[in-house]
Amino acid sequence: MGKLTGKTALVTGASRGMGRATAERLGREGALVAVHYATGADAAAEVVEGIEQDGGRAFAVQAELGEPGGVHELFLGLERGLKERIGSAELNILVNNAGVMGGVAAEDTTPEQFDRIFAVNAKAPFFIIQRALTNIPDGGRIVNISSGLTRFANPDEIAYAMSKGAVEMLALHFAKLLGPRNITINSVAPGITRNSNPVFDIPEAVTAMAGLSTFNRVGEPEDVADVIAFLVSDDARWVTGSFVDASGGTLLG
Ligand code: NDP
């Protein structure tokens, strides 16, 4: 029996990258996992299939976050999927992982780009938590994915780093609000972590990025998923409102 048997989980942005690795890990621990995606329907279906092949339970949920009605759409799909499988819409674990990078120099960032980054990375997690509070029972778990860029300067990602700074405030303030219900909420800050960005196909670029970590390698999605799996387990019941550095020592300087 896994550590999360009998629990339900929603992982946003679970069609790829760290979200996918997290959904797979939580599925292996026994949780029924809602695999959220925006555009990657096939990829999300593959994640669900993989979890089921490993003996777990999962279903896919589509929603475009950062757009009007996106959070509502997410919860319609989530609650339908949960009710079909367990007879209620109870959600024990919420991982706010979906996010968009900026990749635009500060001088060139338009108000529209800035608003989009904030809408997906900061506003959506706030309203997902707000909406989820009626689904999450006492003892629930919330993890928000931030970034090492809230502690490590990169002038090409100022708006993105600002959005992640905003997301970190969720843990601090919601932790106080939700403590009496034994619900924990924490921020996880990855460093450079392999995803489908083509930069990871360029050996010289990977070597340069690896050099930022004290372990001299880039992070793998599973490195971060394992940290999240700890935070959503009972073992982490005494940890809330915290910033967890999952950057492979990048922030050591
Ligand atoms: P990926 O870029 O590999 O995947 C992003 C995921 O988010 C996909 O599942 C995508 O869905 C979903 N997504 C993107 N935009 C939206 C949207 N508007 N609405 C709904 N879903 C959306 O992610 P990573 O694994 O690289 O990153 C995961 C998290 O970690 C992000 O919050 C990111 O900011 C953060 N992070 C990443 C780092 C890295 O080096 N990779 C470093 C530090 C933090 P779909 O494909 O279905 O459209």
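Read on for a plain summary of the structure. Here the structure is a predicted model, which means the values were calculated and not measured.

**Considerations on the nonpolar core**
Moving on, step 1. Core analysis: the biggest nonpolar cluster contains 30 residues, and Leu74, Leu78, Leu94, Ile129, Ile142 and Ile185 have the highest contact counts within it.
Moving on, step 2. Elements supplying a minimum of two residues to this core: strand S2 (32-37), strand S3 (57-62), helix H3 (70-86), helix H4 (111-132) and helix H5 (158-178).
Moving on, step 3. The greatest single-element share of this core, amounting to six residues, is contributed by H5.
Moving on, step 4. By size, the runner-up hydrophobic cluster in this structure holds 29 residues, among which are Leu26, Val95, Ile145 and Val244.

**A look at unusual backbone geometry**
Moving on, step 1. One non-glycine residue with positive phi stands out, namely Asn182, at about 60 degrees.
Moving on, step 2. Looking at where Asn182 falls in the secondary structure, it is placed in the loop between H5 and strand S6 (184-190).
Moving on, step 3. For Asn216, which is not glycine, the phi torsion reads 55 degrees and is therefore positive.

**Digging into the packing of aromatic side chains**
Moving on, step 1. In the structure shown here, the tally under the stated rule is three aromatic pairs.
Moving on, step 2. Note on Phe114 and Phe118: the rings are 4.7 Å apart at their centroids and 15 degrees apart in plane angle, and the pair reads as stacked. Taken as a pair, Phe114 and Phe118 lie in helix H4 at a separation of four residues, close to a single helical turn.
Moving on, step 3. Classification of Phe114 by relative accessible area gives partly exposed; the value is 28%.
Moving on, step 4. Through pairs of rings, three or more aromatic residues link up here, namely Phe126, Phe127 and Phe174.
Moving on, step 5. The side chain of Arg151 reaches across the aromatic face of Phe243, ending 3.6 Å from its centre.

**What about the site of the ligand?**
Moving on, step 1. The local shell around the ligand holds 30 residues, among which Ser15, Thr39, Asn97, Tyr160 and Asn195 are the closest.
Moving on, step 2. Take Gly13: an N or O atom from its main chain is 3.2 Å from an oxygen atom of the ligand.
Moving on, step 3. In the model, an oxygen atom of the ligand is placed 2.9 Å from a nitrogen or oxygen of the Lys164 side chain.
Moving on, step 4. Burial of the ligand by the protein chains amounts to 91% of its free accessible area of 910 Å².

**What about the environment of Gly241?**
Moving on, step 1. Positionally, Gly241 belongs in the loop between helix H7 (221-231) and strand S7 (243-246).
Moving on, step 2. On the basis of relative accessible area, Gly241 is assigned to the partly exposed category, the value being 28%.
Moving on, step 3. With 65 residues separating them along the chain, Gly241 and Lys176 place their C-alpha atoms 7.7 Å apart.
Moving on, step 4. Those residues within four positions of Gly241 in sequence are excluded, and the remaining contacts are Ala171, Leu172, Ala175, Ile185 and Asn186.

**What about the pattern of salt bridges?**
Moving on, step 1. The tally for this structure, following the rule as stated, stands at 13 salt bridges.
Moving on, step 2. For the salt bridge of Arg181 with Asp138, the shortest nitrogen-to-oxygen distance reads 3.5 Å. Remark: Asp138 occurs in the loop between H4 and strand S5 (141-145) and Arg181 occurs in the loop between H5 and S6; sequence separation between them is 43 residues.
Moving on, step 3. Here Arg217 makes a salt bridge to Asp223, at a shortest N to O gap of 2.8 Å.
Moving on, step 4. Residue Arg217 is classed as partly exposed on the basis of its relative accessible area of 41%.
Moving on, step 5. The network of salt bridges with shared partners includes Arg20, Glu24 and Glu46.

So, how was this worked out
Residues numbered from 1 in each chain as written. Predicted model: local features only at pLDDT ≥ 70, side-chain atom pairs only at ≥ 80, totals over all residues. Heavy atoms only, no water. Core = buried A, V, L, I, M, F, W, Y, C linked by side-chain atoms within 4.5 Å. Buried < 20%, exposed > 50% of the residue type's maximum accessible area, 1.4 Å probe, protein only. Helix = DSSP H or I, 4+ residues; strand = E, 2+ residues; numbered from the N terminus. Phe/Tyr/Trp six-rings, centres within 6.5 Å; stacked < 30°, edge-to-face > 60°. Lys NZ or Arg CZ within 6 Å of the ring centre and 35° of its normal. Near = heavy atom within 4 Å. Polar contact = N/O pair within 3.5 Å; in protein donor to acceptor, adjacent residues only side chain to side chain. Areas by Shrake-Rupley, 256 points an atom, 1.4 Å probe, with all protein chains shown as cover. Contact = heavy atoms within 4.5 Å. Salt bridge = Lys/Arg side-chain N within 4 Å of Asp/Glu carboxyl O.

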